[in-house]
Amino acid sequence: MTGPDPAAAPSGDVAARATAGFRQRYGTQPAGRWAAPGRVNLIGEHTDYNDGFVLPFALPLRTVVAAAPGDDERWTVCSELDDDAVEFGPDEADEPGRVTGWAGYVAGVVWALRAAGHAVPGARLAIASDVPVGSGLSSSAAVESAVLAALVELGGLDLPAERWPRLAQRAENEYVGAPTGIMDQSAVIRGRAGHALFLDCRSEEVEQVPFDLDAAGLAVLVIDSRAPHRHADGEYASRRRSCEEAAQALGVAALRDVDLADLDATLDKLPDDETRRRVRHVVTEDQRVLDIVALLRAGRVRDIGPLLTASHASMRDDFEITVPEVDTAVEAALAAGAYGARMTGGGFGGCVLALVDADSADAVAAAVSTAYAERGFAAPGAVTVRPAAGAARLD
Ligand code: ADP
Ligand code: MG
């Protein structure tokens, strides 16, 4: 149960599949392969747009793009997700939203590069991926980042890696039209094996924080709740609006500026209980990120467990973004011996992560499956992960 989720990806090595896809489509060998991982957020939920803190890490599950130079200013891309390739030129690339569907994520990268003044080389690309789509592990940022890495290198573009996250984010925000923060692309591009990425969403400063699960005999179990995303977009927008209105009412630039020490007095200034709970989640969640960073810096990996669980309770009771499936997964994981567990991602479905002893990961996953079956939920997926490297050329 804890190998890669068979339902999530086709079988076989992802890099080999990318090469095979390229050869099948274009009848020739690729010039190279570039990989970018999915990511999971260890802690810091709904803090990004409040100018706060997040702590994601890059996953061993990767997206690989096999690529070669193509005709001038023409881009052709195929993916395992689709029988048909998509071809586009500058006209389509330069008009946000013109290329629709999955290829929009690729066209968006071409657009963002061109908008930043780069001469993007024509290219042929083939995408293969082990990152499950739409589970909240950021398959979208993985595609953007792998494509970006390929185009930068094929074109010999002068674009230092520090600037890649912003560019990939623009592709998703402005070309595809999906409003996401800088976290996904930062983790996917800048992630490092054995580390989590502490990101200050206001300054965009990052710090690599040691997160060596293997040395501690621990594992992170990522459980795909398989819960249908119910009204997730509308709920996200309404949470965001509550936070922005609360910051305005409190006279601060963002909820990040609310001092935890004065929290009760601050909450008293707010008009209603719901807003008070929303603010309490964000302010306490920022502090939990800082507390976990301090524990990880001190090498106390196991001790982060209670903070993970406290984050879940805050999302469930104060921010109200969990659903029965994720609450069930968290409860069952804790009952089976996890040190801590929480929903990760924007909410209303997606994944749960649990910190477990490496040798009890299978038992915890089985306990979650049993709890799901008892409640009649569709079977969950589960995979153990460790922090892996960010976007890079493979060979
Ligand atoms: P996630 O949480 O996985 O990032 P999103 O809805 O943000 O979910 O992004 C998923 C979208 O990214 C897919 O619908 C598809 O358009 C694109 N995508 C992800 N993986 C691939 C892939 N292997 N090939 C082509 N497009 C992909
Ligand atoms: Mg995404």
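Residues numbered from 1 in each chain as written. Chains lettered and ligands numbered in written order. Predicted model: local features only at pLDDT ≥ 70, side-chain atom pairs only at ≥ 80, totals over all residues. Heavy atoms only, no water.

A. Layout of the state of the cysteines. Under the counting rule described, the total for this entry stands at zero disulfides. In this structure C243 is not part of a disulfide, and its nearest cysteine sulfur, from C201, lies 13 Å away. In this structure C243 comes out as buried when scored by relative accessible area, which is 1%. Free of any disulfide, C351 has its nearest neighbouring cysteine sulfur in C201, separated by 20 Å. (Disulfide = S-S within 2.5 Å. Buried < 20%, exposed > 50% of the residue type's maximum accessible area, 1.4 Å probe, protein only.)

B. How the structure looks around the sheet that holds strand β10 (residues 340–344). Taken in spatial order, the four strands make up an open sheet running β10-β11-β9-β12, and their pairing is antiparallel. The sheet terminates laterally at β10 and β12 (381–385), the two strands that pair on one side only. Taking each pair of neighbouring strands and ignoring which way they run, the sheet shows an average axis angle of 25°. In this sheet, strand β11 (residues 351–357) lies alongside β10 in antiparallel orientation, the contact comprising five bridges. Considered in β11, the bridge of A341 is made with A354. Here helix α11 (residues 324–335) sits on the sheet and contacts β9 (218–224), β10 and β11; the angle it forms with β10, its principal contact strand, is near 165°. (Pairing = 2+ DSSP bridges. Helix = DSSP H or I, 4+ residues; strand = E, 2+ residues; numbered from the N terminus. Axes fitted to C-alpha atoms, helices over the stretch in contact; angles between N-to-C directions. Contact = heavy atoms within 4.5 Å.)

C. Up close: the domain arrangement of the protein chain. Taken domain by domain, the protein chain holds domain 1 (6–210) and domain 2 (213–385). Here the C-alpha centre of domain 2 lies 26 Å away from the C-alpha centre of domain 1. Across the boundary between the two partners, domain 1 contributes 29 residues, which contact 41 residues of domain 2. Overall, the association of domain 1 and domain 2 removes approximately 2,900 Å² of surface from exposure, summing both partners, and the carbon and sulfur fraction of that is 65%. On the domain 1 side of the contact with domain 2, I43, E45 and Y49 bury the most area, a combined 23% of that side's loss. Summed over the shared surface of domain 1 and domain 2, the result is four salt bridges. Its salt-bridge partner being R202, residue D257 comes within 2.8 Å of it at the nearest N-O pair. Viewed at the interface, domain 2 and domain 1 are joined by 16 residue pairs in polar contact (both at pLDDT 80 or more). Contributions of two or more residues to the side of domain 1 that touches domain 2 are made by β1 (32–41), β2 (53–54), β3 (56–69), β7 (195–200) and β8 (206–210). When its residues are assigned to classes, the side of domain 1 that touches domain 2 shows 16 nonpolar, eight polar and five charged. (Domains from an automatic or database assignment. Buried area = accessible area lost by both parts, 1.4 Å probe. Salt bridge = Lys/Arg side-chain N within 4 Å of Asp/Glu carboxyl O. Polar contact = N/O pair within 3.5 Å; in protein donor to acceptor, adjacent residues only side chain to side chain. Nonpolar A, V, L, I, M, F, W, Y, C, P; charged D, E, K, R; others polar.)

D. Up close: the layout of surface pockets. The computed volume of the largest pocket comes to approximately 1,300 Å³. Lining the largest pocket are 49 residues, with G136, S140, E172, T180 and D184 positioned closest to its centre. Of all the elements in the fold, those that place two or more residues in the lining of the largest pocket are β6 (123–129), α4 (139–154), α6 (183–190) and α7 (232–250). Residue assignment places the lining of the largest pocket across two domains, with domain 1 (6–210) and domain 2 (213–385) each supplying three or more. (1 Å grid on protein atoms, 1.4 Å probe; cavity = no way out; pocket = protein on both sides within 12 Å on 5 of 7 lines; lining within 4 Å. Points joined across faces, edges and corners; volume = space filled by probe spheres on them.)

E. Representation of the sheet that holds β2 within the structure. Across the sheet, which stays open at both edges, the three strands sit in the order β2-β7-β8 with antiparallel pairing between neighbours. Edge positions in the sheet fall to β2 and β8, since each has one partner strand and no second. Bridging between β7 and β8 involves five bridges; their strand directions are antiparallel. Across the sheet, residue H195 finds its bridge partner in β8, namely P210. In this fold α6 packs onto β2, β7 and β8, with an angle of close to 145° to the strand it touches most, β7. Helix-sheet contacts for helix α9 (residues 273–297) involve β2, β7 and β8, and the interaxial angle to β8 is about 50°.

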